[in-house]
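Next come the chains, spelled out residue by residue.
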Amino acid sequence: MKSMDNGGLVFDGGGLNVTEGAKRAAGALIGNLRAYESSRLSNVIEEAHHTAGDYTAVNAIMRARNVDVFYGDNHAIKSVNLDVGANEVISLIGPSGCGKSTFIRCLNRMNDTIESARVEGEIVLDGENIYSREADVVLLRARVGMVFQKPNPFPKSVYDNVAYGPRIHGLAPDRQALDQIVQSSLERAGLWAEVKDRLHYPGTGLSGGQQQRLCIARAIAVGPEVILMDEPCSALDPIATAHIEDLIDELKKNFAIVIVTHSMQQARRVSQRTAYFHLGRLIEVGATSQVFSEPRRKLTEDYITGRFG
Amino acid sequence: MPPYTALIILLALTVLGYWLGRRRPAAFGRKYHSLPGYYGSYVAIWCVFPALALYCLWQLVEPGFIRSQVLATLPAELLELPEAELGLIYNDIRNLVEGNIVSGAPGEEIIAAASRYTALQRMSNLGIALAVLVAGLASSGWALRRVKPTLRARNKVERTLRMLLMAASTVAIFTTIGIFLSVLFEAIQFFQLVSPLEFLFGLSWSPQTAIRPDQVGSSGAFGAVPLFTGTLLISGLALLVAVPVGLLSAIYLSEYANARIRAIAKPMLEVLAGIPTVVYGYFAALTVGPLLRQFGEAFGLGVSSESALGAGLVMGIMIIPFVSSLSDDVINAVPQDLRDGSLALGATQSETIRQVLIPAALPGIVGGILLAASRAIGETMIVVMAAGLAANLTANPLEAVTTVTVQMVTLLIGDQEFDSAKTLAAFALGLLLFVTTLALNVVALRVVRRYREQYE
Ligand SMILES: Nc1ncnc2c1ncn2[C@@H]1O[C@H](COP(=O)(O)OP(=O)(O)OP(=O)(O)O)[C@@H](O)[C@H]1O
Ligand SMILES: [Mg+2]
């Protein structure tokens, strides 16, 4: 305590001894330094603000423009622009907490279920803003399906799991049509052979990989145009993962797919375009081969070479 | 030294033992098997349990011991009296000691016996106090010496804890068995007077039995069917109120209400379960009953002022929390994943609730309803006050009915001889009720258990 008081006194004395001129010179120097520093900083920010690479897609099915998402005061997504092209797989990568899930959940308005979440900007599907007042969430979600990180089949039979969506949307006029939808969805999800004899057993009794494919079949059954997948393989073993990756390859013939993944290899294997998120911003987007071989941004390079994240 | 002083000292010893046991491992200065706290608990356990066991044992033995000692000093001619009179004399001795009223003037030998009694008791108290302390000291000293790095104190303490928990849970089990047996024995006596068939299937209930054979209207009829239909009618009405209201409010609270409303509304609903049933009874008898009658009159219906309907409605309100609270819990326990999965397929919130949440939570909901039902069946006060005492065999909710529990109360009120069919009938009813609600509870628990297995 005592020595601190002394220090204060000495400082005061020193201040009194400095001449006016020297004081002014020092002030100017500091000012210059500050200006330099801030202009450099704003350059960095400027650069970070705009996304490197082309965020548009040739035949885009969904377009996100200036999307911001807030969780209360937490600004989780910062003016992101991104297109989802038809018949392509686009993967979203980035360190944990950068907003991949938040962004993907904007695309079918699943963020509506979170009380504190607020979405700004526009996301257009077929020329209509899905966040406009007239937009119908039920129809939107039928067109933009979703598969979750953890397989979440309903505690119902395999059949009822797949039939759930078609029943709700009245897609099948009779039992036969429904059977047809269930079978073709399971076939397309590569699960039919394994479950055709146990259609009326609980879906929760399948293995993890089978459950995830059941969830994909369930999403397909409604006839969506886009399928969102948030880390669909993170709860699965390598064999089940390979199964799902093959399936994604197959599915892109009919659907646009947005997949969030923490695995670079997976992004490389399954996607045609890759978008790299960092702290809520879309840093870079481009063809997968380009992003992984010659990233435009230092941040991207650091991430894909495994320097952080 | 009164025994409880010894117990307090024992407690202090226990704390000391814990402390010593805990310090002990530090003295070894090398790796010991368990954390120090376990050695402390180990010594404390050895300090307290043997001494306590000794104390309890003595408490059991002491009265008989003192009695035999005191009676042995009585003159021989008194000892030749029959056992019952000897008991009376012994009572006199004890009353004298405790300063209570004694029958007649105490004789010489009684006074002598009383002073002997006092001396014995004083000795016994001192003895047990010393014994407890010595036992505590000895066993904890022994335990303390056994504390070594290799002693697996953790395992031993765990085992003691497990035994303690087991003992705690058996208390409830033995109580249940005890209740069941006591009711069973009385009921068997009843069934020696009245045939079980008549009791179970008889359609008329009028439990007055004659004191003199020539009395009028004294046949006595013990058909329990009207009582059970009354119980069923009122419980059914109650469930008719409680299930929809409870379930819907549970759905609202768990799925639609925001956190603030939930924080206020849920405890408020649960307060309903905390209101004394007498208060509900008043409400049913003084407010709902007359209201129903006026209402009935307006439509030209004869509603008696004591009706099954009034009691059932109010009872239904009382058991709403049983349904709503449990349903709310199970609906909340359905994983968020399932909600998301359903919503992501384009289901609306109400479709999600109807087709995913309710089916997934159904076993739990049913469990809640069954618990509410067993509560309704056992309820007495509301029915006494609002549904009357007339044992009508009817399905008309506008008439007065009576229930099993109400009859049990009326059978046992006042001074009763415990060997007449009338009083014993209460135990037979009790047995039947016990079996019914037990069955309901078992079913409820099973259903709830099945629900639990679903997400594992
Ligand atoms: N329900 C929520 N409520 C409040 N904040 C949230 C919520 N969900 C996410 N966030 C915040 O939004 C930011 C982005 O989270 P998000 O889940 O989108 O990250 P992510 O990229 O999917 O991460 P991960 O790879 O770990 O899944 C984080 O800062 C997170 O704390
Ligand atoms: Mg995520």
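Since this is a predicted model, take the numbers as computed values, not measurements. (Residues numbered from 1 in each chain as written. Chains lettered and ligands numbered in written order. Predicted model: local features only at pLDDT ≥ 70, side-chain atom pairs only at ≥ 80, totals over all residues. Heavy atoms only, no water.)

A count of helices and strands for chain A gives twelve helices and ten strands. Burial status across chain A gives 47% buried among its 309 residues. Counted over contacts in chain A with a minimum sequence separation of 6, partners at least 24 positions apart contribute 67%. (Helix = DSSP H or I, 4+ residues; strand = E, 2+ residues; numbered from the N terminus. Buried < 20%, exposed > 50% of the residue type's maximum accessible area, 1.4 Å probe, protein only. Contact = heavy atoms within 4.5 Å.)

The next point concerns the pattern of salt bridges. All names here are of chain B. Tallied over the entire structure, the rule returns 20 salt bridges over all chains. The residue arginine 339 makes a salt bridge to glutamate 255 at a minimum N-O spacing of 3.0 Å. Linking arginine 339 in helix 12 (residues 336-344) with glutamate 255 in helix 8 (residues 225-256), this pair joins segments that are 84 residues apart in sequence. Take arginine 339 and glutamate 255: they sit in the same class, and that class is buried. A salt bridge links glutamate 379 to arginine 375, with the shortest nitrogen-to-oxygen separation between them at 3.8 Å. Judged by relative accessible area, glutamate 379 falls into the buried class, the value being 5%. Of the residues examined, arginine 375 reaches a relative accessible area of 30% and is grouped as partly exposed. Where salt bridges share partners, they join Arg262, Lys266, Asp328 and Asp329 into one cluster. (Salt bridge = Lys/Arg side-chain N within 4 Å of Asp/Glu carboxyl O.)

Residue and element names in this part refer to chain A. Note that serine 184 resides in helix 6 (residues 175-188). Serine 184 sits in the partly exposed class, given a relative accessible area of 27%. Along the primary structure serine 184 and alanine 221 are separated by 37 residues, whereas in three dimensions their C-alpha atoms are 8.1 Å apart.

This part covers the nonpolar core. Counting 52 residues, the largest nonpolar core has A:Tyr164, B:Ile234, B:Met315, B:Ile319, B:Ile365 and B:Ile382 as its most contacted members. For this core, the secondary-structure elements that each account for two or more residues are helix 5 (158-168) of chain A together with helix 8, helix 10 (277-298), helix 11 (308-333), helix 13 (349-378) and helix 14 (381-386) of chain B. If you tally residues by element for this core, the top one is helix 11 of chain B, at eleven residues. Not counting the four nearest positions on each side in its chain, B:Ile319 is found in contact with B:Ala238, B:Leu239, B:Ala242, B:Ala372, B:Arg375 and B:Ala376. Formed by 36 residues, the second largest nonpolar core is a distinct cluster that contains A:Val67, A:Phe103, A:Tyr131 and A:Val226. (Core = buried A, V, L, I, M, F, W, Y, C linked by side-chain atoms within 4.5 Å.)

Let us now look at the side chain of A:Arg109. Residues and elements named next belong to chain A. Within the fold, arginine 109 resides in the loop between helix 3 (100-106) and strand 4 (117-125). The class for arginine 109 is buried, based on a relative accessible area of 13%. A polar contact of 2.8 Å, which involves the side chain of arginine 109, links it to the backbone oxygen of isoleucine 130. Among residues more than four places away in sequence, those in contact with arginine 109 are Ile130, Tyr131, Ser132, Ala135, Val137, Leu140 and Arg141. (Polar contact = N/O pair within 3.5 Å; in protein donor to acceptor, adjacent residues only side chain to side chain.)

The final tally for this structure, using the stated rule, is 13 aromatic pairs over all chains. Aromatic rings pair up to connect B:Phe190, B:Phe191, B:Phe199, B:Trp205 and B:Phe222 into one cluster. Positioned above the aromatic ring of A:Phe154, the side-chain terminus of A:Arg218 is 4.3 Å from the ring centre. A cation over an aromatic ring shows up here: B:Arg67 above the ring of B:Tyr90, its NZ or CZ 5.2 Å from the ring centre. (Phe/Tyr/Trp six-rings, centres within 6.5 Å; stacked < 30°, edge-to-face > 60°. Lys NZ or Arg CZ within 6 Å of the ring centre and 35° of its normal.)

A separate point is a negative patch on the surface. All names here are of chain B. There is a patch of like negative charges on the surface, built from Glu77, Glu80, Glu108 and Glu109. On the secondary structure map, glutamate 109 appears in helix 5 (residues 108-146). Taking the relative accessible area as the measure of exposure, glutamate 109 reaches 32% and is therefore partly exposed. (Patch = residues over 30% accessible without salt bridge, like charges linked within 9 Å, V, L, I, M, F, W, Y side chains within 5 Å. Areas by Shrake-Rupley, 256 points an atom, 1.4 Å probe, with all protein chains shown as cover. Lys, Arg positive; Asp, Glu negative; His and termini not counted. Charge placed at Lys NZ, Arg CZ, Asp CG, Glu CD.)

The interface of chain A with chain B comprises 24 residues on the first partner and 20 residues on the second. The junction of chain A with chain B conceals about 1600 Å² of combined surface from both sides, 63% of it contributed by carbon and sulfur atoms. By the criterion of area lost to chain B, the three top residues of chain A are A:Pro155, A:Tyr164 and A:Ile168, representing 30% of everything that side buries. Across the pair A:Lys150 and B:Asp337 runs a salt bridge, and its minimum N-O distance is 3.3 Å. (Buried area = accessible area lost by both parts, 1.4 Å probe.)

This part takes up the site of ligand 1. Residue and element names in this part refer to chain A. In the vicinity of ligand 1 there are 13 residues, among which Ser96, Lys100, Ser101, Thr102 and His262 approach most closely. Between ligand 1 and glycine 97 there is a distance of 2.8 Å, counted from an oxygen atom to a backbone nitrogen or oxygen. Measuring from an oxygen atom of ligand 1, one finds a backbone N or O atom of glycine 99 at 3.0 Å. Look at ligand 1: alone it shows 630 Å² of surface, and the protein chains cover 63% of it. At the level of elements, strand 2 (74-85) and helix 3 are the ones that each hand at least two residues to the shell around ligand 1. By residue number, the principal contributor to the shell around ligand 1 is helix 3, which donates three residues. Looking at the shell around ligand 1, its residues break down into four nonpolar, seven polar and two charged. (Near = heavy atom within 4 Å. Nonpolar A, V, L, I, M, F, W, Y, C, P; charged D, E, K, R; others polar.)

Together, B:Ile173, B:Phe174, B:Ile177, B:Leu181, B:Phe185 and B:Ile188 make up an exposed nonpolar region whose accessible area comes to about 580 Å². Mapped onto the fold, B:Ile177 is located in helix 6 (residues 153-193).

Residue and element names in this part refer to chain A. An order of 2-1-4-5 is seen for the four strands of this open sheet, with the pairing classed as antiparallel. The strands lining the two open edges of the sheet, one partner per strand, are strand 2 and strand 5 (128-129). In this structure, strand 4 lies alongside strand 5, joined through two bridges in antiparallel fashion. Looking across to strand 5, one finds that valine 124 is bridged to asparagine 129. (Pairing = 2+ DSSP bridges.)

This next bit is on the domain arrangement of chain B. For chain B, the domain assignment lists domain 1 (5-151) and domain 2 (221-451). Domain 1 of chain B and domain 2 of chain B are separated by 50 Å when their C-alpha centres are compared. (Domains from an automatic or database assignment.)

The subject of this paragraph is the confidence of the model for chain B. All names here are of chain B. Of all residues in chain B, 93% attain a pLDDT of 70 or more, and the chain-wide mean is 84. The least confident element of chain B is helix 3 (residues 76-79), whose mean pLDDT is 76; the most confident is helix 12, at 93. ipTM for the predicted complex: 0.81, alongside a pTM of 0.71. (pLDDT = per-residue confidence, 0-100.)

Before going further, it helps to examine the sheet that holds strand 6 (residues 144-147) of chain A. All names here are of chain A. The mixed open sheet is built from six strands, whose spatial order is 6-7-8-3-9-10. Across the chains shown, the open sheet's two edge strands, defined by having one partner strand only, are strand 6 and strand 10 (281-287). On average, each strand axis in the sheet is inclined to that of its neighbour by 20°, with strand direction left out of account. Judged from the five bridges that link them, strand 7 (residues 226-230) and strand 8 (residues 256-260) form a sheet pairing that is parallel. Across the sheet, the residue bridging to leucine 228 is valine 258, located in strand 8. Sitting on the sheet, helix 9 (residues 238-251) is in contact with strand 3 (89-93), strand 7 and strand 8, with an inclination near 150° to strand 8. (Axes fitted to C-alpha atoms, helices over the stretch in contact; angles between N-to-C directions.)

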